2 protein chains.
Amino acid sequence: MEGVGEEEMEGVDHLAHERNKSEFDVDAMKIVWAGSPHAFDVSDRISKLVASDPGFRKDNRSTLSRKELFKNTLRKAAYAWKTIVDLRLSEEEAAKLRFYVDEPAFTDLHWGMFIPAIKGQGTEEQQQKWLPLAYKMQIIGCYAQTELGHGSNVQGLETTATFDSQTDEFIIHSPTLTSSKWWPGGLGKVATHAIAYARLIVGGREHGVHGFIVQLRSLEDHSPLLGITVGDIGMKFGNGAYNTMDNGVLQFDHVRIPRNQMLMRVSQVTCEGKYKQSDVPRQLVYGTMVYVRQTIVADASCALSRAVCIATRYSAVRRQFGSQNGGPETQVIDYKTQQSRLFPLLASAYAFRFIGEWLKWLYADVTQRLQANDFSTLPEAHACTAGLKSLTTTATAVRWHRRVPKIMWWPWIPLQQWASRIICRLCPCLYIRRRQYRAASTGCKVSHEDCFSAGVQAVQQETSRYNSLYDSSRAFNAMSLRCSKRFIEKLQQEIPGKGVKQQLEVLCNIYALFLLHKHQGDFLSTGCITPKHAALANDELRSLYSQVRPNAIALVDAFNYTDHYLGSILGCYDGNVYPKLYEAAWKDPLNESVVPDGYHLYIRPLLKQEIRTARL
Amino acid sequence: MEGVGEEEMEGVDHLAHERNKSEFDVDAMKIVWAGSPHAFDVSDRISKLVASDPGFRKDNRSTLSRKELFKNTLRKAAYAWKTIVDLRLSEEEAAKLRFYVDEPAFTDLHWGMFIPAIKGQGTEEQQQKWLPLAYKMQIIGCYAQTELGHGSNVQGLETTATFDSQTDEFIIHSPTLTSSKWWPGGLGKVATHAIAYARLIVGGREHGVHGFIVQLRSLEDHSPLLGITVGDIGMKFGNGAYNTMDNGVLQFDHVRIPRNQMLMRVSQVTCEGKYKQSDVPRQLVYGTMVYVRQTIVADASCALSRAVCIATRYSAVRRQFGSQNGGPETQVIDYKTQQSRLFPLLASAYAFRFIGEWLKWLYADVTQRLQANDFSTLPEAHACTAGLKSLTTTATAVRWHRRVPKIMWWPWIPLQQWASRIICRLCPCLYIRRRQYRAASTGCKVSHEDCFSAGVQAVQQETSRYNSLYDSSRAFNAMSLRCSKRFIEKLQQEIPGKGVKQQLEVLCNIYALFLLHKHQGDFLSTGCITPKHAALANDELRSLYSQVRPNAIALVDAFNYTDHYLGSILGCYDGNVYPKLYEAAWKDPLNESVVPDGYHLYIRPLLKQEIRTARL
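What you are looking at is a predicted structure, and each value in this text was computed from that prediction instead of being measured. Throughout this description, residue numbers start from 1 for each chain and increase along the sequence as written. Think of it this way: whatever chain is written first is A, whatever ligand is written first is 1, and the rest follow in order. Per-residue local features of the predicted model are confined to residues with pLDDT of at least 70, and side-chain atom pairs are confined, for both listing and counting, to 80 or more; whole-chain, interface and lining totals are unaffected and use all residues. Note that the side-chain values use all heavy atoms of the structure and ignore hydrogens as well as water.

As a further point, take the nonpolar core. Take the buried Ala, Val, Leu, Ile, Met, Phe, Trp, Tyr and Cys residues and link them wherever side-chain atoms come within 4.5 Å; each set so joined is a nonpolar core. Categorising residues by exposure relies on relative accessible area from a 1.4 Å probe, with only protein chains included: less than 20% of the type maximum marks a residue as buried, more than 50% marks it as exposed, and the intermediate range marks it as partly exposed. Membership of the largest hydrophobic core comes to 244 residues, with the highest contact counts inside it found for Leu346 and Tyr350 of chain A together with Leu346 and Tyr350 of chain B. Helix and strand assignments come from DSSP, with helices taken as H or I runs of at least 4 residues and strands as E runs of at least 2, each series counted from the N terminus. Counting residues per element, this core draws most heavily on helix α9 (residues 285-317) of chain A, which supplies 13 residues. Those residues in contact with Tyr350 of chain B that sit more than four places away from it in its chain are Met29, Trp33, Leu504, Leu507, Leu555, Ala558 and Phe559 of chain B. The contact definition used throughout considers only heavy atoms, calling two residues in contact when any of these lie within 4.5 Å.

Okay, here's the thing in structure tokens:
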């Protein structure tokens, strides 16, 4: 590398002056962010383990072809498993390790969908048979629900599972092109087994969609079994994003499986061909969904906080305009316009984190109850997270963006876009559902009206200025204010560390006022605030930005993300962006030779006016 | 391929029933969209030529590694030039050909920045020397302005050009790391010359930033000249997007160029070392910028219309929920929620197209005046397009998304996001500036107040319902309504073809009411409409969607985009999406073998519990 001395690359913290400005105990905030001292310890230890192991490097990903990229992902997944086995990591540690490896792979579906589905929908015997194999990865599973012609509408699935009482088997079949399974991750090239969803047909009668454990590939040579046509669906969004994953296509041609491979916790088919429901309510199926949705929120929270971390650090490094007498230009983070983009997202990142924590608690609570055969809160839990269904598309975008940030990521545009979508969709319904869940679990009823009035109250408390009248269709927006209020209420009782509580309060207020500002059209059109109130709220919001400013870098440091996990030079911890960008550029494969491959064939004929005779 | 008969792939138009519904003359609309019968003819002919030539295929792009991708782009650029030469294409046809080849390449900068800069800022002698070389591609140029530490703030550039009167040369130098040129397209591996911007220093005095023609590479063997360090800055956003372009990094180490390679139309340095300004106003430099901004708007218009075309067609193909008695599910395009996302964007696509056409006229007008040394309207033209400066980031996202749509593109999310950003930023300032430009060119003055009252008038005319009072800071939003009105006014006089005018009127009204809805917070908070008015406008908007619905497919057909240009199976003309998706999947390199490369090394050891001894 030319023009950059060694001393420019190592050891100097270019953001030290920012860190010195902060007014709170960053280490204490790290524990608040992580959820507990224990969670912080695990997260910190495992993230550093991954970051320091060259076997997990990510910086070369974008230059690989699809095949190389995929093969490298297989290697990483095996290497991660080897690490887990060698170091005897706990289940919690292993999950963190997969998280920090930060590369979508078949293992996500195996651990995140296949195993939970068996746990939630399988009988005791089925769990005893399949789970040990899955836990040791003697089989690798995926989750085959979506079809080429059918996404969200599970009831529209076309794959059939017809019971054959002669042989005590189900015949799994894809009757049409559009019934091909399409998208399931891990299906394309890796999974040996699938939970496949299909319409159950017994004795000529249909009984709706059920899940079946179907072996797809030989455990000896990995070749697809008889009647199975399976492959990868190809590239998604260019090379950088989700192309480490083998999203797959699958067709069944009268594939036979034993009767006991239907997931039978909720309903059974007997060997005589009788279909019956168990006492277990059908909503049990929702258990898996609650889990999946919880992970989607957690994903969104990670994606947002990661993006905010990169954007905040780079905004402190980057200077533009405003030079006085030839001095340095102004840090971008000091512009009010930039603060009004960045700080609401910083506040949202914290809010999301706490929503995610609550959902995790919710899932744990539901699981515990399910294990005790207590299904009373399940429908409410499902409803709590069902508002997140619409989040799926957004979360997909988030997941995808999460992979994009490489060296060159200029983060503002997508950042704001996700955030606003996520916030709008996530918060209001969640808050209402959360109250309903609590009400259901304590046996008392909470009506929508109760929620609305609570929302009104929250607005009044937080701003002391709004004279509110709601109509029910618009009051949803107010819920999100209440939602943020809740977190602070909860946090107020137990936050150690100098200044930590104050910072969270500032963020909470920003979050609330930002939402108010964002939805002012609705608030104004329902007459619940006046134009004057809206203007006052806006002034308040801007004054809060000044309070965040000196703490901004420390607030993103509290996420405790390694440079490896962030995967962006613009967001590197020490802020030494320019020398690192410059050095990284030279590593691109195109720079292996000064004169590019193709010069003699395609450039020189142009310059030498020999194009008409060139072989192209 | 299994499961798909030949008859499913060829010849059937699955959207014929949609096309039969349309109530206007699509061929006439195609001409309106193209701008003129001549423009339509050129566009239609060249787009089909590109689409039918296997030398220009794009469908394999996403599976290539960076090096392969780049080499293939070099080949395409050479092949395009060969086609242009062989077929003796006119300048207009050649530009269209490059457009429909639809792959970012060094040629974009050569034709789009290097040549216009010389035309705009070079003296007659300079133009006579350099333009013939550039037109024949005996030299290949790029535009090196942005530096690692300095983007928008041109006055902050650090590169220096110091005049040496002893040798009658300039010494171009990069004094710091952050002064490295960074991002210029075509610079990385291809360009032989650059227009480099640097601070001019003559006799120890600084005279601001000027442009210089600097040779970068040998015309004999393409090696960088003495003192030039040049390379590619590496991957941008994964593989699919802009990685066909060799965005570059460049450092000058006291590179000497003859004095006559400073672009001297505006200011000169004499051989005695005297710096002088010509009569030509300094704003001449803006000429290039006006051109560049015009192309950015055109790009945004193409990106939006392409995305809308794909989304509209796929919304007509895709069915989800709403099945009655086991019949087919409902077409997604029939859901009001989908219409409220899609149709405002369809309307915006048309609006953008007309804005783009106007800007093209503006540039032509400015250029003509400049050639006659009439600089009177230049400042206004610059101002007209300066509002677009903020669009640059958006347009970058647009450019980028423009490349993303491959087979797998599920288009809703990004679509809406660009559109709203583009519309918000583009229209209000444009409208005001346009009036000012007209005023300036006719010698009369138009104040901002005039514009505001015109905006008020437009709102009143269009809705006949709004009782408006503006305060100046918010009235910007109203401008966009007026903006759309203008187009229709102009179009009303000369639109042949059954139903064409009516369709454009519906789109125009949707565009206006959508903007009103989008900014209702501002309108309400300034008291210029009441909540009741807002609700009425919304009802009106929804009723207009019903009028668009039967014409939606025909309205996107009128863009006359080939399947090659769209580059998305979801948007294919015949709507035969599922068989095509299914077939395309099998072409992914991962499907070359049933058992993936890496199975023996990385999957089998997992399944066989041999991970601890595996070599990873």
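This brings us to unusual backbone geometry. In this model, Asp102 of chain A sits at a positive phi of 60°, which is unusual for a non-glycine residue. Within the secondary structure, Asp102 of chain A sits in the loop between α6 (91-101) and α7 (106-121). Unlike most non-glycine residues, Asp168 of chain B shows phi in positive territory, near 60°. If you trace the backbone, Asp168 of chain B turns up in the loop between β2 (160-164) and β3 (169-173).

A few words on the pattern of salt bridges. Salt bridge criterion: a side-chain nitrogen from Lys or Arg within 4 Å of a carboxyl oxygen from Asp or Glu. Inspection of every chain in the model, using the stated rule, returns 56 salt bridges over all chains. With a shortest N-O distance of 2.7 Å, Lys67 of chain B and Glu592 of chain A are connected by a salt bridge. With Lys67 of chain B in helix α5 (residues 66-86) and Glu592 of chain A in the loop between α21 (577-585) and α22 (599-607), this residue pair bridges two chains. We classify Lys67 of chain B as partly exposed; its relative accessible area is 34%. Several salt bridges share partner residues, and in doing so they unite Asp13, Arg19, Arg313 and Asp557 of chain A into one network.

Before going further, it helps to examine the packing of helix α4 (residues 37-52) of chain A against α6 of chain A. Residue and element names in this part refer to chain A. In this analysis an axis means a line fitted to C-alpha atoms, helices contributing only their contacting stretch, and an angle means the value between N-to-C directions, from 0 to 180 degrees. Direction vectors running N to C along α4 and α6 enclose 50°, while the axes themselves pass 9 Å from each other. Viewed along their axes, α4 and α6 adopt a mutual orientation that is oblique. Of the two possible hands of crossing, α4 and α6 adopt the one that is right-handed. Facing α4, whose interface residues are His38, Val42, Ser43, Arg45, Ile46, Ser47, Leu49 and Val50, α6 presents Glu92, Glu93, Lys96, Leu97, Tyr100 and Val101. Any angle that is under 35 degrees is reported as roughly parallel, and any over 145 degrees as roughly antiparallel; angles of 65 to 115 degrees are reported as roughly perpendicular and all others as oblique. Crossing chirality is assigned from the near helix's rotation relative to the far helix, an anticlockwise turn below a right angle marking it left-handed and a clockwise turn marking it right-handed.

The next subject is α21 of chain A. The α-helix winds at 3.6 residues per turn, so residues separated by three or four positions along the chain end up facing the same way. For α21 of chain A, the tally of buried residues reaches eight of nine residues, placing the bulk of the element in the interior. Among all positions in α21 of chain A, only Val577, Tyr578, Pro579, Lys580, Leu581, Tyr582, Ala584 and Ala585 of chain A are buried.

When the centres of two rings from Phe, Tyr and Trp lie within 6.5 Å, Trp using its six-membered ring, the rings pair. Their planes under 30 degrees apart give stacked, over 60 give edge-to-face, and anything left gives tilted. What the rule picks out here adds up to 34 aromatic pairs over all chains. Aromatic pair Trp33 of chain B and Phe559 of chain B: ring centres 4.3 Å apart, planes at 35°, arrangement tilted. Placement of the pair is Trp33 of chain B in helix α3 (residues 26-34) and Phe559 of chain B in the loop between α19 (552-557) and α20 (563-566), with a sequence separation of 526 residues. In terms of burial, Trp33 of chain B and Phe559 of chain B fall into one category: buried. Among the aromatic residues, those joined into a cluster by ring pairs are Trp33, Phe99, Tyr100, Tyr350, Phe354, Phe559, Tyr561 and Tyr565 of chain A. By definition here, charges over rings are those cases where NZ of Lys or CZ of Arg is within 6 Å of the ring centre and within 35 degrees of the ring normal. One residue, Arg306 of chain A, lies across the ring of Tyr565 of chain A, its end atom 4.2 Å from the ring centre. Sitting above the plane of the Phe99 of chain B ring, Lys96 of chain B keeps its charged end 5.4 Å from the centroid.

Residues and elements named next belong to chain B. Here, expected helix span is obtained from the residue count minus one, scaled by 1.5 Å. Over its 21 residues, α5 runs 30 Å from end to end, which matches the ideal 30 Å to within 8%, given 1.5 Å per residue. Counting buried positions along α5 yields 16 of 21 residues, so the element is predominantly enclosed. In the segment just after α5, Arg88 is the residue with positive phi, at about 50°.

Below, the discussion takes up empty space enclosed by the protein. Residue and element names in this part refer to chain A. Space inside and on the surface of the protein is sampled on a 1 Å grid over the protein atoms alone, with a cavity defined as a set of points where a 1.4 Å probe fits but cannot get out and a pocket as an open set with protein on both sides within 12 Å along at least 5 of 7 lines; lining residues have an atom within 4 Å of a point. Grid points are joined across faces, edges and corners, and a volume is the space filled by probe spheres set on the points. Applying the stated criterion across every chain yields a total of 10 cavities of 30 Å³ or more. In this structure, the largest cavity occupies an estimated 130 Å³ of space. Along its surface, the largest cavity is lined by 14 residues, and Ala77, Ala80, Arg98, Val101 and Thr107 are the ones closest to its centre. Broken down by element, the lining of the largest cavity gets its largest block of residues, six residues, from helix α5 (residues 66-86). Classification convention: Asp, Glu, Lys, Arg as charged; Ala, Val, Leu, Ile, Met, Phe, Trp, Tyr, Cys, Pro as nonpolar; all other residues, Gly among them, as polar. Here the residues of the lining of the largest cavity sort into eight nonpolar, two polar and four charged.

It is worth spelling out the sheet that holds strand β4 (residues 181-182) of chain B at this point. Residue and element names in this part refer to chain B. Read across the open sheet, the three strands follow the order β4-β8-β7; overall the sheet is antiparallel. Strands with a single pairing partner mark the edges of an open sheet, and in this sheet they are β4 and β7 (228-232). DSSP bridges decide pairing: two strands pair if at least two such bridges lie between them. Where β7 and strand β8 (residues 248-252) come together, five bridges link them in antiparallel fashion. From the neighbouring strand, Thr229 faces β8, where its bridge partner is Gln251.

As annotated in UniProt, the feature "domain: Acyl-coenzyme A oxidase N-terminal" (unreviewed entry) corresponds to residues 25-140 of chain A in the numbering used here. Segment residues 25-140 of chain A splits into 73% helix and 0% strand. End C-alpha atoms: 44 Å apart. UniProt positions are given in the numbering used here, feature names are shortened, and annotations may be inferred rather than shown by experiment.

The next thing to look at is the pairing of β2 of chain B. All names here are of chain B. With respect to burial, β2 is a largely interior element, four of its five residues being buried. Sheet topology places β2 next to β3; five bridges connect them, and they run antiparallel. Bridge assignment links Phe163 to a residue of β3, and that residue is Phe170. Pairing of β2 with strand β5 (residues 193-202), which is carried by three bridges, proceeds in the parallel orientation. Across the sheet, residue Thr160 finds its bridge partner in β5, namely Arg199.

Let's shift gears to the sheet that holds strand β7 (residues 228-232) of chain A. Spatially, the three strands line up as an open sheet ordered β4-β8-β7 (chain A), and their pairing is antiparallel. The open sheet has two free edges, formed respectively by β4 (181-182) and β7 of chain A, since each of these has just one partner strand.

So, on to the packing of helix α16 (residues 500-518) of chain B against helix α18 (residues 531-548) of chain B. Two packed helices can be described by the angle between their axes and the distance between those axes. Residues and elements named next belong to chain B. In the contact formed by α16 and α18, the axes pass within 9 Å of each other and the chain directions differ by 145°. For the pair α16 and α18, the crossing hand works out as left-handed. Each of Val506, Leu507, Asn509, Ile510, Leu513, Phe514, Leu516 and His517 in α16 lies in contact with α18, whose residues at this interface are Ala537, Asn538, Glu540, Leu541, Leu544, Tyr545, Gln547 and Val548. In terms of residue class, the contact of α16 with α18 is built from 11 nonpolar, four polar and one charged.

Our next topic: the side chain of Asp164 of chain B. Note on placement: Asp164 of chain B falls in strand β2. Residues in contact with Asp164 of chain B, not counting those within four places in the same chain, are Glu169, Ile171 and Arg256 of chain B.

Moving on: the pairing of strand β5 (residues 193-202) of chain A. Residues and elements named next belong to chain A. Within β5, 10 of the 10 residues are buried, leaving the element largely enclosed by the surrounding structure. As judged from the four bridges shared by strand β1 (residues 141-144) and β5, these two strands associate in the parallel manner. In the strand pairing of β5, Tyr143 is matched with Ile195. Of the pairings in the sheet, the one linking β5 to strand β6 (residues 205-215) comprises nine bridges and is antiparallel in character. Looking at β6, one finds that Val202 is bridged to Arg205.

Moving on to the environment of Val292 of chain A. Mapped onto the secondary structure, Val292 of chain A falls in helix α9. Of the residues examined, Val292 of chain A reaches a relative accessible area of 12% and is grouped as buried.

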